[in-house]
Amino acid sequence: MNPLIKFFRTKIYTAVFLLIIILLIGIAGYKIISGYSWVDAVYMTVITMTTVGFGEVVPLDNNSKIFTIFLILTSVVIVGYALSIITEYILSKNDVEELKYKKMQKKIDNFKGHIVICGYGRNGKQAASKLSAYNKSFVVIDKNKEIEERLKFDNIPYVIGNANEDEILMQAGVDRAACFISALPNDADNLFVVLSARQLNASINIISRASQESSYNKLKLAGANNVILPDKIGGDHMASLVVVPGLMEFVDNLSIVGKSNINIEEIAVEKLYNTNKPQTIKDLDLRKNTGCSVIGYKDQYGEYIVNPEAELELAPNSKIIVLGRPEQIKALNSQYNID
């Protein structure tokens, strides 16, 4: 709990305790000094403490009047103290929320080369989960205020607002981001957001969701590097489970679903050795050093080679794809200080 909130809650408990004490003193005083019944004593104490101005139950004698004066003066101080503490607590709670939001925005402002996810629906949440497994820095944009509590609970940096507005995209750091994922449910919204993101950052890698196949070319033309059709992928996957079920089950087991079971890693060759002196896959000998196997190669032009030869020379700005058990992937990352 925030120390400031805890401090004010302690003071509230103190104020409530004082109110109860003065209430009990008032009831006992009217019962003993004035000889009131318990109901009349409670009634007189309450109207005296709240200063509502109702008349006495019965005329007061001098001792009762002196006690009433004491009760009024004491009640004014204690009730005033309680009201001030409650007011400060409410205001401080709002201030704490504001401070939390400013702290989060400062964190976002320090991001560079991060990922921006637009939309925290089903696809956006899955993307966030996958990125978390890779310990990647990312920011979520969503205009739905109700999503905010879920983002807070998941401890995800976020910006609440309409991604169609450039100010919101800039607030999420699109101009400094390495990748932008547009996962909005509406293709027209994705199209507009992709256009805006591309305009704000010409070099950003944009991945967009599309519901209709007719939107594919439009999104590519708008600036998306990749367009994903979830329904098409889902249908292809189900059909593959019929045609080659064993193979698809194996591929599914290679999915990255959390930090403890990462099986596949894509690594830039610059992280593995000094590219000023070219090396081959055989020279790296990752199988012997880490247990991981090289199953793919992406050259500097973006062309892929599946199951590359051991004698393949690794060019600068290229990447290799490795396969291994979680502990082998962890050993690889640790040995080469891969984030």
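Definitions and cut-offs
Residues numbered from 1 in each chain as written. Predicted model: local features only at pLDDT ≥ 70, side-chain atom pairs only at ≥ 80, totals over all residues. Heavy atoms only, no water. Helix = DSSP H or I, 4+ residues; strand = E, 2+ residues; numbered from the N terminus. Rg over C-alpha atoms; globule rule 2.2 N^0.38 Å. Buried < 20%, exposed > 50% of the residue type's maximum accessible area, 1.4 Å probe, protein only. Contact = heavy atoms within 4.5 Å. Salt bridge = Lys/Arg side-chain N within 4 Å of Asp/Glu carboxyl O. Phe/Tyr/Trp six-rings, centres within 6.5 Å; stacked < 30°, edge-to-face > 60°. Pairing = 2+ DSSP bridges. Axes fitted to C-alpha atoms, helices over the stretch in contact; angles between N-to-C directions. Polar contact = N/O pair within 3.5 Å; in protein donor to acceptor, adjacent residues only side chain to side chain. Arc of directions from axis to C-beta. Core = buried A, V, L, I, M, F, W, Y, C linked by side-chain atoms within 4.5 Å.

Novice: Talk me through the overall build of the protein; I want residue IDs and the actual numbers.
Specialist: Within the protein, the secondary structure is distributed over 13 helices and twelve strands. For 339 residues, the compact-globule estimate of 2.2 N^0.38 gives 20 Å, and the protein exceeds it by more than 25% at 33 Å. Dimensions of the protein along its principal axes, counting C-alpha atoms only, are 110 × 45 × 45 Å. In the protein, which comprises 339 residues, the proportion classed as buried is 37%. Relative to all contacts within the protein whose residues are 6 or more apart in sequence, the contacts with residues 24 or more apart total 59%.

Novice: Kindly report on the pattern of salt bridges, identifying the contributing residues and their values.
Specialist: Inspection of the entire model under this criterion finds seven salt bridges. Here E148 ties to K145 by a salt bridge, and the two come within 3.1 Å at their closest N and O atoms. Take K145: its relative accessible area is 57%, and that puts it in the exposed class.

Novice: Account for the environment of I295, with residues named and values stated.
Specialist: You can see I295 is positioned in strand β9 (residues 293-298). Given the relative accessible area of 32%, I295 is considered partly exposed.

Novice: Pulling in residues and values, what's your account of the packing of aromatic side chains?
Specialist: The final tally for this structure, using the stated rule, is four aromatic pairs. Note on F67 and F70: the rings are 6.3 Å apart at their centroids and 40 degrees apart in plane angle, and the pair reads as tilted. Linking F67 with F70, this pair stays in helix α3 (residues 62-109), spanning three residues, or about one helical turn. Accessibility expressed as a relative area gives 11% for F67, which makes it buried. Three or more aromatic residues link up through ring pairs in this structure, and these residues are Y30, Y36, F67 and F70.

Novice: Tell me about the sheet that holds strand β12 (residues 319-323), and please be specific about residues and values.
Specialist: Strand order across the open sheet formed by four strands is β7-β12-β9-β10, with antiparallel pairing between neighbours. Where the open sheet ends on each side, the last strands, each with one partner, are β7 (264-268) and β10 (304-306). Each neighbouring strand pair of the sheet contributes to a mean axis angle of 25 degrees, computed without reference to strand direction. The sheet contact formed by β7 and β12 spans five bridges and is antiparallel. Across the sheet, the residue bridging to I267 is I320, located in β12.

Novice: Mind laying out the side chain of N201, listing which residues take part and the relevant values?
Specialist: In this structure, N201 sits in the loop between α7 (187-200) and β5 (205-209). Within the local environment of N201, its side chain forms a polar contact with the backbone oxygen of D175, the two atoms lying 3.3 Å apart. In terms of polar contacts, N201 uses its side chain to reach the backbone carbonyl oxygen of A177, at 3.2 Å. With sequence-adjacent residues up to four places away left out, N201 is seen in contact with V174, D175, R176 and A177.

Novice: Could you give me a rundown of the sheet that holds strand β1 (residues 115-118), with the residues and numbers involved?
Specialist: One open sheet accounts for six strands, arranged β3-β2-β1-β4-β5-β6; its pairing is parallel. A single partner strand is all that each edge strand has here, and the edge strands are β3 (158-160) and β6 (226-228). Across the sheet, the axes of successive neighbouring strands diverge by a mean angle of 15 degrees, strand direction being ignored. Judged from the four bridges that link them, strand β4 (residues 179-182) and β5 form a sheet pairing that is parallel. Of the residues in β5, the one forming a bridge with S182 is S208. Of the strands in this sheet, β1, β2 (138-142), β4 and β5 are in contact with helix α4 (residues 122-133), which crosses β1 at around 160 degrees.

Novice: Now, about helix α13 (residues 326-335): what can you tell me, with residues and values included?
Specialist: Along α13, the residues classified as buried are Q328, I329, L332 and N333. Projected down its long axis, α13 carries its buried residues within an arc of 135 degrees, all on one side. Residues of α13 that are exposed and angled more than 90 degrees away from the buried face: K330 and S334. Close packing links the buried residues of α13 with β7, α12 (286-290) and β12. Immediately beyond the C-terminal end of α13, within one or two residues, lies N337, with a positive phi of roughly 55 degrees.

Novice: Can you tell me about unusual backbone geometry, naming the residues and giving the values?
Specialist: Unusually for a residue other than glycine, D285 sits at a positive phi of about 50 degrees. With respect to the helices and strands, the residue D285 is situated in the loop between α11 (281-284) and α12. Notably, N317 is not glycine yet its phi reads approximately 70 degrees, a positive angle. Along the chain, the position of N317 falls in the loop between β11 (313-314) and β12.

Novice: Any details on the side chain of D142? Residues and values, ideally.
Specialist: Residue position: D142 is located in strand β2. Of the polar contacts made by the side chain of D142, one reaches the backbone nitrogen of N144; its length is 2.8 Å. Setting aside anything within four residues of it in sequence, one finds D142 in contact with G119, Y120, I147, V159, I160 and G161.

Novice: Before we move on, can you summarise the nonpolar core with the specific residues and values?
Specialist: Residues I117, F138, V140, I141 and F180 are the most contacted members of the largest nonpolar core, which totals 41 residues. When near neighbours in sequence (up to four residues on either side) are disregarded, I117 contacts G124, A127, A128, L131, F138, V139, V140, I141 and I181. Core analysis: the next-biggest nonpolar cluster, separate from the first, contains 18 residues, Y273, L284, L286 and A315 among them.

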